[in-house]
Structures are given as structure tokens and as C-alpha cells.
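The primary structure of each chain is shown beneath.
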Amino acid sequence: MKELPIIIAGAGIAGLSAALAVARTGRRALVLEKAPRVSEAGAGIQLSPNATRHLRRWGVAARLRGAALAPRAVIIRRARDGAVLARLPLDEAEKRWGAPYLVAHRADLQRALADAVAEVEEIELRSGVGVAGFSADEEKVAVGAKHGLIRLRFDGAALIGADGLWSEVRQRLNIAGDSPPRAAHRTAWRATIPVSDLPKQFAAPQVNLWLGKRAHVVHYPLRRGTCVNVVAIVEDPAAGGENPDFWNEPRDPALLQRAFARWHGTARDLLAASADWRTWPLFDRTPLAHWSAGRVTLAGDAAHPMLPFLAQGAAQAIEDAAALERALSSDNDIAAAFATYQAARSARAARLQAAARKQGDIYHMGQPAAFARDLVMRGLGPQRMLARQDWIYDYRE
Ligand SMILES: Cc1cc2nc3c(=O)[nH]c(=O)nc-3n(C[C@H](O)[C@H](O)[C@H](O)COP(=O)(O)OP(=O)(O)OC[C@H]3O[C@@H](n4cnc5c(N)ncnc54)[C@H](O)[C@@H]3O)c2cc1C
């Protein structure tokens, strides 16, 4: 009889990475994705070396080649006058951290992962099937799912909930002390702007970060420099009060322009260059010390959603998959492997969740704290700025 597959709820970056990892340990994976099509809304994504080292090992980085771009530096500017506060050279990323720092369009990353998955015989992906519940014993799991109005049941050797921030699997695990996601009262505005609509300087291969009071902007070129990805994050007491499913909502750009009216002209020109802005309310969640129970575990945002200020959410989902691969390779007992995986991941993920939250506060400082922050950044210099990233990017477990 064929061994039962490990069932994975969700075909986002966490779910597809986990499927590749499971298959690399010689097991079968069945990925159930609620959405009718595997797709990725949003725009750009930064892929730091702690993530690209695994994407490379799994053959996904090679599929991204051409679509991804290696920025040469991160430039940090002050919103008021555009003054450069710091420059982090990324040309040396490969030498320093053993893997490249890349930026890519999310759709291209999702496609590269989906194409890699499609080539692996041990992985089956079923779209339009939402996991609605599960029961587990010492031998296997039974997963209840819905395909439209049809109820389905799948038997598996185990279940990995990679079903995102609002994870159904996490909710049904009933983890002691867990609480629902809470609004971070910040809105992310996102747009992708053709470079032909912008002054030439925006096509420079670099990640740009502008810091202002209660807001910041990140922009970088994508897709061989043909477009520029822009994310503007604004504090907004009402954000997250609306239906949390309302992600990727179109919004009136006039609201955005008003929030940035006192910013330097270069930043304002960028924000005025698109009429098509989409918004995402940001959410945060208390870190979990435990997210596995026997043959059921979590990965990615389901386990440890984090605010986007360190650009690490997807990278941590990829690290999760690598840790699953390691644990499942060295233990035939899946429940024991899941416990090993969780022990390897929970402290690091919690540290990043906390660091991302703190980074948001630092980015959005008003005076006089911002003055002190800017002095420190200027004083550190590129090498010490890089060294501060080592614990994140040089992670090789
Ligand atoms: C503005 C912004 C910028 C960001 N920038 C970066 C960045 O530069 N770098 C970085 O590393 N990270 C970044 N992140 C974080 C990153 O986007 C997320 O951490 C990452 O996408 C999480 O992937 P995931 O697969 O865990 O979850 P998701 O992407 O949410 O995927 C979950 C999947 O599960 C499916 N699903 C949900 N419920 C069910 C169910 N019941 N049954 C079956 N399927 C289900 C969903 O349809 C979805 O496909 C950013 C986030 C934001 C908001």
C-alpha cells in the first residue's frame, strides 16, 4: 500500500516551499489550496540570503533568474529633504552571507515555486479545496475540506497548516494562550509603476527606504528594471477595523498624497505617478512557543506572522520549510520530527516578530527621537550597518 501523503493546507510561499521540502525527504505531499487558482496578489518581494540559499538548493532560484534582480545597495533617506542617512552595500551579499540578496515580483516567485512543484511526481496540488477541519491520532490525520458546496475528506500521514495569517488549522489546534491577529493600525499602500512613467533615477538597481514621521516608503525596480515596486506604509488608527478579507483593495490615491504632502518632492513625484494603488491593513500576532501537536504543525504566517518592516515574512516561511526538510530527513517518526522542527524554529521566529515590530517604531519616529536615530545611522557607516543584519541574513541552520 502507498504511504499516505503529508497534507499541506495552503499553496502560498510557505505551502509550496513545504511541499518541496517534504518531497525531498522521499515522502508524498498533497497541497490543498482554497483559492481556485494559485496566484499571488501584491507586487514586489525582497528575498534575503537566508531565503535565497534554500531557493537555490531547491532549484527555484534558477527558475527566477531573469525575473529577479540583485540590488546593489539599500539607500536610506530622510523624508523631509531626501538626505541620505545610510547606504548598505549589497554587492558583497554573496561573499558575506553565502547567497544573493534578490528582489522579485511575487507572481514570478509564486510561479517559480509552482513550476518546481509541478515537476515533482510526489507532490499533488488541488486548487479550490479549503481545509475546514481535521482530526488526528497516533497513526494518521483525517482532513475535512470543502470544494464549493461539496464536502471532501482526505487521509494523510500528517497535516501542515500553511494557510496564512487567518489560519484555520491554527485556530483548530486550540493552542493554549493563543489569540487572534490584531490590527497594527498601519496600512500598506502598494503600486507597480512602469519605469517609462518615472524619472530615470528610479530605475537604479537599489532598494530605497525613506523614513518619515508615522510613515515610510520602500521602492525598488523589478522585472529587469521595467517597473518600480512601491510600498508606502502609513499609520492609520482605522486600519484593520474593516473586514480583514479586504486585502488588495483599490483606494483613492488622493488620500495617500495628502499623507505625504510634507515629504521631499522626489518621494511625492513617485507617489503621484500611479493612479492604481491597492491597500493592505497590517496585522500582528503574539509569538507562539508551541505550534505543533502530534502529527499537525504550522508553517509561515500561520505559525508566526510578522509586520513587514524587516521584509522577513516570506523568508521565514522558506526557513521553516528548510527546517522541516532537516527534521523529516533525520526522523521517520513524523510527530517527533514536527517537535524537532518547532524547537528549531520558534525562538528565531519570535525574535524576528519582535524585531520587526521594533523596526516599525524606529522607522516611524517623530522628533526628537528621529534626530537621534539619524545621527546613529550616519555614524555607523556601511560595514557596521551590514554587520547588524548578520543574525538575519547569515542564518544557516
Ligand atoms: C506590505 C507587505 C510587504 C511584504 N514584503 C515582504 C518582503 O519583502 N520579504 C518577505 O520575506 N516577506 C514580505 N512580506 C511578508 C510575506 O508576504 C508573507 O510573510 C508571506 O507571503 C506568507 O506566506 P504564507 O504562505 O505563509 O501565507 P499566505 O501568502 O497568506 O498564503 C496562505 C495560502 O493559504 C491559502 N488558504 C487560506 N486558508 C486556507 C484553507 N482553509 N485551506 C486551504 N488553503 C487556505 C490562501 O489562499 C493562500 O494561498 C510582506 C508582507 C506585506 C503585507
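Computed from a prediction, not measured in an experiment: that's the story for all the values here.

*Asks:* Looking at this model, I keep getting lost on the overall build of the protein. Mind explaining?
*Replies:* Broken down by element type, the protein carries 12 helices and 18 strands. Over its C-alpha atoms the protein spans a radius of gyration of 21 Å, differing by no more than 12% from the 21 Å that the globule rule assigns to 397 residues. Taken along the three principal axes of its C-alpha coordinates, the protein extends 65 × 45 × 40 Å. A burial count over the protein gives 54% of its 397 residues as buried. Across the protein, every contact between residues at least 6 apart in sequence was considered, and the portion connecting residues at least 24 apart equals 76%. Counting only carbon and sulfur atoms, one obtains 51% of the accessible surface of the protein, whose full area is about 17,400 Å². Side chains of the protein give 53 positive and 41 negative charges; the mean places of these two sets differ by 6 Å.

*Asks:* Would you mind going over the pairing of strand β10 (residues 150-156) with me for this structure?
*Replies:* Every regular strand shows the same layout, with side chains that alternate between the two sheet faces. Summarising the sheet, strand β9 (residues 141-147) and β10 pair through seven bridges and their orientation is antiparallel. Following the sheet pairing, His147 is matched in β10 by Ile150. Counting the residues that bridge the hairpin from β9 to β10 gives two residues, and of these Gly148 lies at a positive phi of roughly 60°.

*Asks:* Hey, could you run me through the site of the ligand in this one?
*Replies:* Glu33, Gln46, Arg106, Val131 and Asp301 are the nearest of the 28 residues found near the ligand. Between an oxygen atom of the ligand and a main-chain N or O atom of Ala14, the distance comes to 2.9 Å. A distance of 3.1 Å separates a nitrogen atom of the ligand from a polar backbone atom of Lys34. In the complex, 86% of the free accessible area of the ligand, which totals 1,000 Å², lies under the protein chains. Elements supplying a minimum of two residues to the shell around the ligand: α1 (13-24), β2 (29-33), β3 (44-47), β8 (130-136), β12 (182-194) and α9 (313-330). In terms of residue class, the shell around the ligand is built from 13 nonpolar, eight polar and seven charged.

*Asks:* It is not clear to me how the nonpolar core should be interpreted in this structure. Could you clarify?
*Replies:* Within soluble globular proteins, side chains that are nonpolar generally end up buried alongside one another. Among the nonpolar cores identified, the biggest contains 72 residues, and Ile8, Leu47 and Leu55 are the most heavily contacted of them. Top element by residues in this core is α9. It accounts for 10 residues. Setting aside its immediate chain neighbours within four residues, Leu47 contacts Thr52, Leu55, Leu64, Pro100, Tyr101, Leu102, Ala104, Leu109 and Ile318. Core analysis: the next-biggest nonpolar cluster, separate from the first, contains 37 residues, Tyr220, Leu222, Met377 and Tyr393 among them.

*Asks:* Looking at this structure, I do not really get the pairing of strand β11 (residues 158-161). What am I missing?
*Replies:* Here β11 shows no split at all, with Ala158 and Ile160 on one side and Leu159 and Gly161 on the other all buried. Pairing analysis gives four bridges linking strand β1 (residues 6-9) to β11, with the strands arranged parallel. Note on β11: the bridge partner recorded for Ile7 is Leu159. As judged from the three bridges shared by β11 and strand β18 (residues 296-298), these two strands associate in the parallel manner. In the strand pairing of β18, Gly161 is matched with Leu298.

*Asks:* Sorry if this is basic, but what is going on with the side chain of Gln342 here?
*Replies:* Mapped onto the fold, Gln342 is located in helix α10 (residues 334-363). Residue Gln342 is classed as buried on the basis of its relative accessible area, which comes to 10%. Engagement of the side chain of Gln342 in a polar contact is seen with the backbone nitrogen of Trp291, the distance being 2.7 Å. If sequence neighbours within four positions are ignored, Gln342 has contacts with Ala289, His290, Trp291 and Ser292.

*Asks:* Got a minute to help me understand α1 in this structure?
*Replies:* Every α-helical turn comprises 3.6 residues, leaving residues that sit three or four positions apart pointing alike. Between its terminal C-alpha atoms α1 stretches 17 Å, which fits the 16 Å expected from 12 residues at 1.5 Å a residue. Counting buried positions over the 12 residues of α1 gives 11, a clear majority of the element. Here α1 has its buried residues at Ile13, Ala14, Gly15, Leu16, Ser17, Ala18, Ala19, Leu20, Ala21, Val22 and Ala23. Taken from the residues just after α1, Gly26 is the one with a positive phi, measuring 85°.

*Asks:* Help me understand the packing of α1 against helix α5 (residues 106-118), please; the structure alone is not making it clear to me.
*Replies:* Any two packed helices are characterised by the angle at which their axes cross and by the distance between the axes. Contact pair α1 / α5: the axes reach a minimum separation of 10 Å and the direction vectors enclose 30°. Comparing their axes, α5 and α1 come out roughly parallel. Once α1 is placed against α5, the crossing between them reads as left-handed. Two secondary-structure elements touch here, α1 through Ile13, Leu16, Ser17, Ala19 and Leu20 and α5 through Leu109, Gln110, Leu113, Ala114, Ala116 and Val117. Class assignment of the residues belonging to the contact of α1 with α5 gives a composition of nine nonpolar, two polar and no charged.

*Asks:* Sorry if this is basic, but what is going on with the packing of aromatic side chains here?
*Replies:* Two aromatic rings, taken as a pair, are described by how far apart their centres are and by the angle between their planes. Evaluated as defined, the whole model comprises five aromatic pairs. Ring centres of Trp97 and Tyr393 lie 4.9 Å apart, and the angle between their planes is 85°; this geometry places the pair in the edge-to-face category. Taken together, the residues Trp97 in helix α4 (residues 93-97) and Tyr393 in helix α12 (residues 390-393) connect sequence positions 296 residues apart. There is no split in this pair, since Trp97 and Tyr393 are both buried. Measuring from ring centre to ring centre gives 4.6 Å for Phe260 and Trp263, while their planes differ by 70°; the resulting arrangement is edge-to-face.

*Asks:* Just to check I follow, could you spell out the sheet that holds β11 for this structure?
*Replies:* Two strands in a sheet stick together by hydrogen bonds in their backbones, pointing the same way (parallel) or opposite ways (antiparallel). If you walk across this open sheet you meet the five strands as β7-β2-β1-β11-β18, and the pairing is parallel. The open sheet terminates on both sides in strands that have one partner only, identified here as β7 (123-127) and β18. Looking at each pair of strands side by side, their axes are set apart by 20° on average, direction ignored. With four bridges joining them, β1 and β2 adopt parallel strand pairing. What sits directly across from Ile8, in β2, is Val31.

Procedures and definitions
- Residues numbered from 1 in each chain as written.
- Predicted model: local features only at pLDDT ≥ 70, side-chain atom pairs only at ≥ 80, totals over all residues.
- Heavy atoms only, no water.
- Helix = DSSP H or I, 4+ residues; strand = E, 2+ residues; numbered from the N terminus.
- Rg over C-alpha atoms; globule rule 2.2 N^0.38 Å.
- Buried < 20%, exposed > 50% of the residue type's maximum accessible area, 1.4 Å probe, protein only.
- Contact = heavy atoms within 4.5 Å.
- Areas by Shrake-Rupley, 256 points an atom, 1.4 Å probe, with all protein chains shown as cover.
- Lys, Arg positive; Asp, Glu negative; His and termini not counted.
- Charge placed at Lys NZ, Arg CZ, Asp CG, Glu CD.
- Pairing = 2+ DSSP bridges.
- Near = heavy atom within 4 Å.
- Polar contact = N/O pair within 3.5 Å; in protein donor to acceptor, adjacent residues only side chain to side chain.
- Nonpolar A, V, L, I, M, F, W, Y, C, P; charged D, E, K, R; others polar.
- Core = buried A, V, L, I, M, F, W, Y, C linked by side-chain atoms within 4.5 Å.
- Expected span 1.5 Å × (residues − 1).
- Axes fitted to C-alpha atoms, helices over the stretch in contact; angles between N-to-C directions.
- Parallel < 35°, antiparallel > 145°, perpendicular 65-115°, else oblique.
- Left-handed = near helix turned anticlockwise from the far one by under 90°.
- Phe/Tyr/Trp six-rings, centres within 6.5 Å; stacked < 30°, edge-to-face > 60°.

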